[in-house]
Amino acid sequence: MKTRNDTYLKDLPEGFLHRRDFLRLMGASIALAGLSGCGLRQPVEQIVPYVSGPEDRTEGAPLFYATATTHGGYALGTLVESHEFRPTKVEGNPLHPASLGASDIFSQASVLTLYDPDRSNNVLYQGQIDTYENFLIDLRRKRGNQQTKNGSGLRILTENITSPTLASQIEGLLKDFPAAGWHQYEPVNRDNERDGSMLAFGEAVETIYRFDQADVILLLDADPFADGPGRVRYARDFSKKRRVRKGIDSGMNRLYAVESSPTVTGSMADHRLAVRSADIEGLAGRLLLELTGNSSLPTSAPETKISEFIGLVGRDLIRNRGSSLVIAGRSQPASVHAIAHSLNALLGNVGNTVIYTEPVLANTVNNVESLRSLVADINAGKVEMLAIVGGNPAYDAPSDFFFSESLSNVAWTSHLSLYEDETSARCSWHIPLAHELESWGDARCFDGTASIIQPLIAPLYDGRSPHEFLAAFTENYVATGYEIVRGYWKTQNQDANSNNARDTNSKTDRSSKLPDSRANSAKAADGFEEGWQASLRNGLVANTAFQTKTVSVKADLWGQYLPPPAADPGSIEINFRPDPSIYDGRYSNNAWLQELPKPLTKLTWDNAVLMSPNLALQLGVNQEVGSTGGSHGTSIVEIVELKFDGKTVRAPVFAVRGHADESVTIHLGYGRTNAGEAGSGPGFNAYALRSSGAMWSASGLEITKTGETFSLACTQAHHSMEGRELVRHASLKEYKRDPTFAKREADDPAKQISLYPGWTYEGHAWAMSIDTSICNGCSACVVACQAENNIPVVGKEEVLRAREMHWIRVDTYFEDNAENSRTLHQPVPCQHCENAPCEIVCPVGATTHSAEGLNEMTYNRCVGTRYCSNNCPYKVRRFNFFGYADLETPVAQLQRNPQVTTRSRGVMEKCTYCVQRIQYAKINAETEGRELLDGEIVTACQQACPTEAIVFGDKNDKSSRVAKLKAEPTDYGLLADLNTRPRTTYLATIKNPNEDAQKE
């Protein structure tokens, strides 16, 4: 096929060797002459074909299976792509209420954990390799001893559990051993939410938010789009009322955020107030007072800025009764959650924007108190057997519990985990845990909907599922995960049929003949099998979402309420938060997540002491004392000593715009010692300072300068295009006054003379539109692109040199340098320019333009001149300075997408608009004898995006979504004044600030 690049080469004299041809030949000659010794060639691989291929399979065509991944115990419905019986990519399940087809960084990265060579692959006893059979023999002997004591010495410690089957197993085990105990602990728990509902309603409930029904939203230190069971669904629902389109005025929502440290959700706010975490309860109490007029409600007097904010929010909430929403974050105490419940009830939001159900967690205990009780029993000598199912309490338990030391007081301990971690090292037995993609299970999502977790591959390391591990403590110790899960749901089906039969029989004439019981059983069995297959096929168990529950705020709730005492103005507050990338430390060894720039700080491979620039200046701490890598902007920062509650740690300082003064934030999950090659070492252990009395926030932190420095790998200034008008924004009022505010006369240099020949795209013309109004910077697109396109990690040292390989980055901009500066996000993939500056400078024609408008890379032509990268104004091309891709570890090969080439050293690479997906869809359409449909081709970044900010399609099809978006008045091209004519364009950011604030 003739391409547009063919017009670049003019007729040459006979025998003339064009310089591009010369360099092509030279590049090939050099490669053949011995560069394989430098690691440029991939290792030799053997290909073994099927002797007789499966009848239901087409070689090379992927299969998709519906399953679920869990995070903090809660399920996210997923579809997993499988190539030749090996899972390679995770996507959201469009049928599942928690995902609606989208995903997040944790589910996207789960496939890398599956193939992690550092995962535990041996049963260990006292640190030595043993067998599972010997574990069962030892367990049976210990179990027999406990039977005579009704299990008084047996304890089970789990993480959060939403699995109906696992909960049923534990309940059955406790019936066999009535004196045993079940304890539960998650370091990032929902204790305050539970206790808040207990305080407000007298019972524990699950709170579900309907963002798509809310016009005004107030967040009290909450981050619902990045943290919590409904994060993906909530981001999707919120974005529905955030889009502004020509000729459509459906009403744009407004978001207020009060928070101590900048968050993903807070970055979307129209109004954001940075205050200490300790001040939020007083603010919430004052707001409740303003709305109720109850002068007997005692509140602490707020500062002027807080008082003004309360007045602004209060009036807006009242104007939007029934369509407003107040949410308290997990880090706030129970009283703030109770205030949020009171406000929602007062504003008439219950039943509209917020509903309540029974708790989704199988065991709604206070995690901290449950673990405290276990430690007390251990120290009292009451625990003889301790089974730890998942988790890593020796690392992440409150420091004042000394859990690691307490384990030595238990005669028999066992730990089921993916890695030989800090807890496994202190237990008698360590059992490898099977990954969710290689085991059977089930779990519920935020609204109670249950999903069957089905394996896509046999266990790589002979791991055991939690179901099989707990079955070992029963008489049926050889039961498989499949038998256990299927058996539970079959029992549920029989119980349901039995109840239905009783209901039907009660309505019939007693003299009528009842159906034969055997026929009933057969009918129930057939019904179960049909439902079971449907559950596996659809990724969810039908009709399992919990019903709405009616609750009322207690009438005397605030009669005895006393606000917390005002914090010492000179005291520094410490906040503990889960890390945006590796969470509580469970994903420490996932290199994709370690290297993923955190949404607002852009830090990789480390955590730091986050504080405001004002506090850094006040303490005399220089946030940045130098840089490495020339102009790359990698920060060399000061190390300080943190002293809190008699404990100390040393950590680097990083100043963050929008952080509250007199407050610092440290992220959990780092400072691991037994995590694996990627996870052991980076960062400092924040758990060393975290105690049961200060799980989230506390005052009294002391900060001392050490005079030492540390290099942080921060990508904020990498590939920077700052200094130009890159992200354009306006208020809703400004947009209505001038819908074309984002347009610039210089953006359309159509009349300028161009060096590029004209080209008419008669077929498809692929293009992309990105709506910056609804992008929250979550980075799901970045990890999805990495998983789809076999993008390697490079490690901290290479990131320090600005050599990270991500094909799409999310640039973050802060408007002004104010404390509460506005945050704007802009994803930047390859722009696929019509007039691509990279193409004309490539001496070997490795980067060319297709007839459908794609800027393509032919990897085996590239000789590494990097001219294209130097000529790219968008800085989206990545070069393999070293052999970053692991071409040696066998298990690492299983993860890669076979439809995408794995690049070697010395090759330039970049976004391709997922050309492999384009070609796959085109072939399918041609095979079926039809035209491509709009939306049939979905790029990896588009598919993962929770807010649907990315849309891809054929702009030649005027009815396509992408064509319609490009016709919007807010559409603009990045650096379009350079006459590059990018195929990727943006919809300008539109905020919806309260006009009352503008008047003030």
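Residue positions within a chain follow its written sequence, with the count starting from 1. Only residues with pLDDT of at least 70 are given local features in this predicted model, and only at 80 or more are side-chain atom pairs given and counted; all residues enter the totals for whole chains, interfaces and linings. Where side-chain values are given, they derive from all heavy atoms of the structure, hydrogens and water being excluded.

## Here we look at the overall build of the protein
Keep this limit in mind: For helices the rule is a DSSP run of H or I covering at least 4 residues; for strands it is a run of E covering at least 2, with both sets numbered from the N terminus onward. Burial classes follow relative accessibility: with a 1.4 Å probe on protein chains only, a residue under 20% of its type's maximum area counts as buried, one over 50% as exposed, and anything between as partly exposed. Contacts are assigned to residue pairs that have any heavy atoms within 4.5 Å of one another. Note on areas: Shrake-Rupley with a 1.4 Å probe; residue coverage comes only from the protein chains shown.
The number of helices and strands found in the protein is 27 helices and 38 strands. Burial statistics for the protein: of 1000 residues in total, 58% are counted as buried. Restricting the contact set of the protein to residue pairs at least 6 apart, pairs at least 24 apart contribute 76%. Carbon and sulfur atoms make up 50% of the accessible area of the protein, which totals about 40400 Å².

## Let's talk about the pattern of salt bridges
Stated precisely, the cut-off is as follows: Any carboxyl oxygen of Asp or Glu within 4 Å of a side-chain nitrogen of Lys or Arg constitutes a salt bridge here.
This model, assessed by the stated rule, comprises 49 salt bridges. A salt bridge links D377 to R155, with the nearest nitrogen and oxygen atoms 3.4 Å apart. Within this pair, whereas D377 is found in helix α10 (residues 367-379), its partner R155 is found in strand β6 (residues 154-158), the two being separated by 222 residues in sequence. The pair formed by D377 and R155 is uniform in burial state, with each residue classed as buried. A salt bridge links E948 to R236, with the nearest nitrogen and oxygen atoms 3.8 Å apart. Taken together, the residues span a long stretch of sequence, with E948 in the loop between α25 (940-944) and β35 (950-954) and R236 in helix α6 (residues 231-240) at a distance of 712 residues.

## Describing unusual backbone geometry
The phi dihedral of Q126 falls on the positive side, at around 55°, and the residue is not glycine. Among the secondary structure elements, Q126 is positioned in the loop between β4 (123-125) and β5 (128-130). Even without glycine at this site, F402 takes up a positive phi of about 50°. By secondary structure assignment, the location of F402 is in the loop between α11 (393-396) and α12 (403-406).

## Some remarks on the packing of helix α5 (residues 191-201) against helix α9 (residues 334-346)
Inclusion rule: Throughout, an axis means a line fitted to C-alpha atoms (over the contacting stretch in the case of helices), and angles, computed between N-to-C directions, take values from 0 to 180 degrees. For classification purposes, an angle smaller than 35 degrees is called roughly parallel, one larger than 145 roughly antiparallel, one from 65 to 115 roughly perpendicular, and anything else oblique. The sense of a crossing depends on the near helix, which, turned anticlockwise from the far helix by less than a right angle, makes the crossing left-handed and, turned clockwise, makes it right-handed. All residues other than Ala, Val, Leu, Ile, Met, Phe, Trp, Tyr, Cys, Pro, Asp, Glu, Lys and Arg, Gly among them, are scored as polar; the first ten of these are nonpolar and the last four charged.
Direction vectors running N to C along α5 and α9 enclose 55°, while the axes themselves pass 7 Å from each other. It follows that α5 is oblique to α9 by the angle criterion. Here α5 runs over α9; the crossing is right-handed. Across the interface between the two elements, N192, E193, D195, G196, S197, L199, A200 and F201 from α5 touch A334, S335, H337, A338 and H341 from α9. Of the residues in the contact of α5 with α9, the class split is five nonpolar, six polar and two charged.

## Considering the state of the cysteines
Condition: Whenever a pair of cysteine sulfur atoms sits within 2.5 Å, that pair is classed as a disulfide.
Throughout the structure, instances matching the rule amount to zero disulfides. As a non-bridged cysteine, C941 has C914 as the owner of its nearest cysteine sulfur, 6.2 Å distant.

## What to know about the nonpolar core
Going by this rule: Here, nonpolar core refers to any group of buried Ala, Val, Leu, Ile, Met, Phe, Trp, Tyr and Cys residues whose side-chain atoms link them within 4.5 Å.
L386, F403, L593, V609, L642, V664 and I666 are the most contacted members of the largest nonpolar core, which has 130 residues in total. Ranked by size, the runner-up nonpolar core spans 63 residues in total, among them F201, A257, I306 and I453.

## Brief notes about the sheet that holds strand β11 (residues 271-274)
Quick reminder of the rule: One bridge is not enough; two strands pair if DSSP finds at least two bridges between them.
Taking strand neighbours across the sheet as the criterion, the four strands line up as β11-β10-β9-β12 in an open arrangement whose pairing is parallel. The open sheet has two free edges, formed respectively by β11 and β12 (324-328), since each of these has just one partner strand. Taking the axes of each pair of neighbouring strands and ignoring which way they run, one obtains an average angle of 10° across the sheet. Here strand β9 (residues 216-220) pairs with strand β10 (residues 254-259) via five bridges, running parallel.

## Focus on the sheet that holds strand β2 (residues 74-83)
Across the sheet, three strands lie side by side as β1-β2-β3; this open sheet has antiparallel pairing. Looking along the sheet, the strands with just one partner apiece sit at the ends: β1 (63-71) and β3 (86-92). Pairs of neighbouring strands in the sheet enclose a mean axial angle of 40°, with direction left out of account. With six bridges joining them, β2 and β3 adopt antiparallel strand pairing. Within β3, the position partnered with H83 by the bridge is R86. Running over the sheet, helix α2 (residues 105-114) touches β1, β2 and β3 and is turned about 170° from β3.

## Observations concerning helix α8 (residues 304-319)
Stated precisely, the cut-off is as follows: Here the expected length of a helix is defined as 1.5 Å per residue gap, with one fewer gap than residues.
Compared with the 22 Å implied by 1.5 Å per residue over 16 residues, the 23 Å span of α8 between its first and last C-alpha is a close match. Taken together, the buried positions of α8 are occupied by I306, F309, I310, L312, V313, G314, D316 and L317.

## Observations concerning the side chain of S99
Stated formally: The definition of a polar contact used here is a pair of N or O atoms within 3.5 Å, where within protein one atom must be able to donate a hydrogen and the other to accept one, and adjacent residues in sequence count solely through side-chain atom pairs.
Inspection of the secondary structure assignment puts S99 in the loop between β3 and α2. In this structure the side chain of S99 is engaged in a polar contact, spanning 3.0 Å, whose partner is the backbone oxygen of G77. If we ignore the near neighbours within four places in the chain, the residues touching S99 are L76, G77, G92, N93 and V232.

## A few points about the pairing of strand β14 (residues 385-389)
Of all five residues in β14, five are buried; the element is thus mostly enclosed. Of the two faces of β14, both are covered, the one formed by M385, A387 and V389 as well as the one formed by L386 and I388. Pairing of β6 with β14, which is carried by five bridges, proceeds in the parallel orientation. Residue pairing in the sheet places L154 in a bridge with M385 of β14.

## So, the environment of T902
Within the secondary structure, T902 is located in the loop between α23 (890-895) and β34 (908-909). A residue is classified by how much of its surface remains accessible, and T902, at 12% relative accessible area, is buried. The sequence separation of T902 and D886 amounts to 16 residues, and the corresponding C-alpha distance is 9.5 Å.

## Concerning the packing of aromatic side chains
Put simply, the rule is: Note on aromatic pairs: the rings of Phe, Tyr and Trp (six-membered ring only in Trp) are paired at centre separations within 6.5 Å, and the planes decide the class, stacked below 30 degrees, edge-to-face beyond 60, tilted for the rest. Here, over-ring charges are defined by two tests on the NZ atom of lysine or the CZ atom of arginine: distance to the ring centre within 6 Å, and angle to the ring normal within 35 degrees.
Taken as a whole and assessed by the stated rule, the structure comprises 28 aromatic pairs. Ring geometry for Y209 against F211: centres 6.4 Å apart, planes inclined by 65°, an arrangement best described as edge-to-face. For the pair Y209 and F211, one class covers both residues: buried. Members of the aromatic cluster, connected to one another through ring pairs, are Y125, Y132, F135, W412, W429, F469 and F473. One cation-aromatic arrangement involves R672 over Y395; the distance from NZ or CZ to the ring centre is 5.0 Å. Note that R866 overlies the ring of F879, its terminal NZ or CZ placed 5.3 Å from the centroid.

## Looking at the environment of I770
Counting through the fold element by element, I770 comes out in strand β28 (residues 766-771). Residue classification places I770 among the buried residues on the basis of a relative accessible area of 0%. Separated by 215 residues in the primary sequence, I770 and T985 have C-alpha atoms spaced 6.5 Å apart. Beyond its immediate stretch of four places on either side in the chain, I770 contacts P827, P829, A949, I950, T984, T985, Y986 and L987.

## Focus on the pairing of strand β18 (residues 450-453)
Of the two faces of β18, the one lined by A450 and I452 and the one lined by S451 and I453 are each fully buried. Pairing between strand β17 (residues 441-444) and β18: four bridges, direction antiparallel. Residue D442 lies in a different strand from β18, and its bridge partner there is I452. The turn joining β17 and β18, which pair antiparallel and follow one another in sequence, is formed by five residues; a positive phi near 95° is taken by G448.

## Looking at helix α19 (residues 780-788)
Judged by how many residues are buried, α19 sits mostly within the fold: nine of nine residues are covered. A780, C781, V782, V783, A784, C785, Q786, A787 and E788 are the residues of α19 that are buried. Of the residues flanking the end of α19, it is N790, one or two places downstream, whose phi is positive at about 55°.

## Considerations on the packing of helix α7 (residues 280-292) against α9
Relative orientation and spacing of two packed helices are given, respectively, by the angle between their axes and the distance between those axes. At a closest axis distance of 10 Å, the pairing of α7 and α9 adopts a crossing angle of 25°. Classified by the interaxial angle, the pair formed by α7 and α9 is roughly parallel. Where α7 crosses over α9, the two elements pack in a sense that is left-handed. Side by side, α7 and α9 meet where E281, A284, G285, L287, L288, L291 and T292 of the first sit next to S335, V336, I339, S342, L343 and L346 of the second. Looking at the contact of α7 with α9, its residues break down into eight nonpolar, four polar and one charged.

## Notes on a negative patch on the surface
So the rule is basically this: Here, patches come from residues exposed beyond 30% relative accessible area and free of salt bridges, joined within 9 Å for like charges and within 5 Å for nonpolar side chains (Val, Leu, Ile, Met, Phe, Trp, Tyr). In summary, the charge assignment counts Lys and Arg as positive and Asp and Glu as negative, without counting His or the chain termini. For charged residues, the charge sits on one atom: NZ in Lys, CZ in Arg, CG in Asp, CD in Glu.
A cluster of like negative charges, contributed by D118, E677, D886 and E888, occupies part of the molecular surface. On the basis of relative accessible area, D118 is assigned to the partly exposed category, the value being 31%.

## With respect to the confidence of the model for the protein
What counts here: Known as pLDDT, the predictor's confidence for each residue is given on a scale from 0 to 100.
Looking at the protein as a whole, its pLDDT mean stands at 86, while 86% of the residues score no less than 70. Every residue in residues 30-42 is under pLDDT 50, and counting partners more than four places away or in other chains gives 10 contacts. Considering only residues more than four positions removed or in separate chains, one finds that residues 501-522, a stretch of pLDDT under 50, has two contacts.

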